[in-house]
Amino acid sequence: MFQGASAINLDAKGRMSIPAKHRDALMQQCEGRMTLTKHPHGCLLFFPRPVWEEHREQIAAWPMSARAWQRIFLGNACDVEMDSAGRVLISPELRNAVGLEKEVMMLGMGTHFEIWDAAKLAADEALAVAGGMPDVLSNFSF
């Protein structure tokens with residue numbers, strides 16, 4: 001299970017260093033082979049390859065009425081590999097699609113990660129808090 005937030009700076013080539021706390025798990029789980037794709041909420045989804053392959057099969061089986069959503073998820077998918085320094089290259093197309101510049105946040109979401117522009121994530125979280133908890137969470141408490 002991947003969890004936690006990591007602040008990361010992209011280098012000039014668009015490479016992102018995988019936080020040390022996740023590197024070993026990713027090497028064991030997928031030999032450093034991952035897949036990035038675009039999410040309509042304005043972030044990137046970052047999957048260990050075996051997890052992505054399960055999702056890819058489900059997405060490919062969607063009906064023609066979901067073709068636009070297939071394009072978002074499958075059409076933007078990009079396979080990446082961790083280099084010897086523990087970095088992955090995020091393509092310029094994906095960086096531009098979600099506005100990644102330098103300061104990014106990598107959020108562990110259980111089986112995968114989300115990668116956000118740091119300022120955009122902060123703004124989205126502030127909007128969510130200002131909007132209050134949705135009804136579906138009315139019985140949730142810590």
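Bear in mind that the values here come from a model prediction, so they are computed numbers and not experimental data. (Residues numbered from 1 in each chain as written. Predicted model: local features only at pLDDT ≥ 70, side-chain atom pairs only at ≥ 80, totals over all residues. Heavy atoms only, no water.)

Enquirer: Help me out: how do you make sense of the nonpolar core in this one?
Expert: Side chains that are nonpolar tend, in soluble globular proteins, to be buried together. Core analysis: the largest hydrophobic core is formed by 22 residues, its most contacted members being Met16, Phe46 and Ile115. At the level of elements, β1 (2-9), α1 (20-30), β3 (33-39), β4 (43-48), α4 (92-98), β7 (103-110) and β8 (113-117) are the ones that each hand at least two residues to this core. What Met16 contacts, discounting residues up to four positions off in sequence, is Ile8, Leu10, Phe46, Gly86, Arg87, Val88, Ile90, Val104, Met106 and Ile115. (Core = buried A, V, L, I, M, F, W, Y, C linked by side-chain atoms within 4.5 Å. Buried < 20%, exposed > 50% of the residue type's maximum accessible area, 1.4 Å probe, protein only. Helix = DSSP H or I, 4+ residues; strand = E, 2+ residues; numbered from the N terminus. Contact = heavy atoms within 4.5 Å.)

Enquirer: Got a minute to help me understand helix α2 (residues 49-60) in this structure?
Expert: An α-helical segment advances 3.6 residues per turn. Residues three or four places apart therefore align on the same side. In this model α2 runs 16 Å from its N-terminal to its C-terminal C-alpha over 12 residues, within 8% of the 16 Å that 1.5 Å per residue would give. Taken together, the buried positions of α2 are Arg49, Val51, Trp52 and Ile59. What you see down the axis of α2 is that its buried residues fit within an arc of 145°, all on one side. In α2, those exposed residues whose orientation departs by more than 90 degrees from the buried face are Glu54, Glu57 and Gln58. The inward-facing, buried residues of α2 contact α1, β3, β4, α3 (67-73) and β5 (78-81). (Expected span 1.5 Å × (residues − 1). Arc of directions from axis to C-beta.)

Enquirer: How do you make sense of the pattern of salt bridges when you look at a structure like this?
Expert: For the coordinates displayed, the defined rule picks out four salt bridges. Note that Asp79 is salt-bridged to Arg49, the shortest N-O span being 3.4 Å. Placement of the pair is Asp79 in strand β5 and Arg49 in helix α2, with a sequence separation of 30 residues. Note on Asp79: relative accessible area 48%, which makes it partly exposed. Its salt-bridge partner being Arg87, residue Asp83 comes within 2.9 Å of it at the nearest N-O pair. On the basis of relative accessible area, Asp83 is assigned to the partly exposed category, the value being 28%. Of the residues examined, Arg87 reaches a relative accessible area of 23% and is grouped as partly exposed. (Salt bridge = Lys/Arg side-chain N within 4 Å of Asp/Glu carboxyl O.)

Enquirer: Would you mind going over the UniProt feature "domain: SpoVT-AbrB" (unreviewed entry) in the chain with me for this structure?
Expert: The feature "domain: SpoVT-AbrB" (unreviewed entry), as given by UniProt, occupies residues 5-51 and 77-120 in the numbering adopted here. Between the C-alpha atoms that bound residues 5-51 the distance is 20 Å, and the span itself is 30% helix and 45% strand. (UniProt positions renumbered as here; feature names shortened; annotations may be inferred.)

Enquirer: Would you take a moment to explain α1 for this structure?
Expert: Those residues of α1 that fall on the buried side of the exposure criterion are His22, Leu26 and Cys30. Looking straight down α1, one finds its buried side chains confined to an arc of 35°; they lie on one side. Seen from the buried face of α1, the exposed residues on the opposite side, beyond 90 degrees, are Ala20, Asp24 and Gln28. Where α1 is buried, its residues contact β1, β3, β4, α2, β7 and β8. Glu31 sits one or two positions beyond α1 and adopts a positive phi of about 55°.

Enquirer: Hey, could you run me through the sheet that holds β7 in this one?
Expert: Within a sheet, neighbouring strands are paired by backbone hydrogen bonds and run either parallel or antiparallel to one another. One open sheet holds the six strands; their spatial order is β1-β7-β8-β4-β3-β5, and the pairing between them is antiparallel. Every other strand in the sheet has two partners, leaving β1 and β5 as the edge strands with one partner each. Strand after strand, the sheet turns through a mean of 25° between neighbouring axes, direction not considered. Across three bridges, β4 lies against β8 in antiparallel orientation. Residue pairing for β8: Leu44 is matched across the bridge by Ile115. Lying on the sheet, α2 is in contact with β3, β4 and β5; it crosses β4 at an angle near 110°. Seen against the sheet, helix α5 (residues 118-130) touches β7 and β8 and runs at an angle of roughly 100° to β8. (Pairing = 2+ DSSP bridges. Axes fitted to C-alpha atoms, helices over the stretch in contact; angles between N-to-C directions.)

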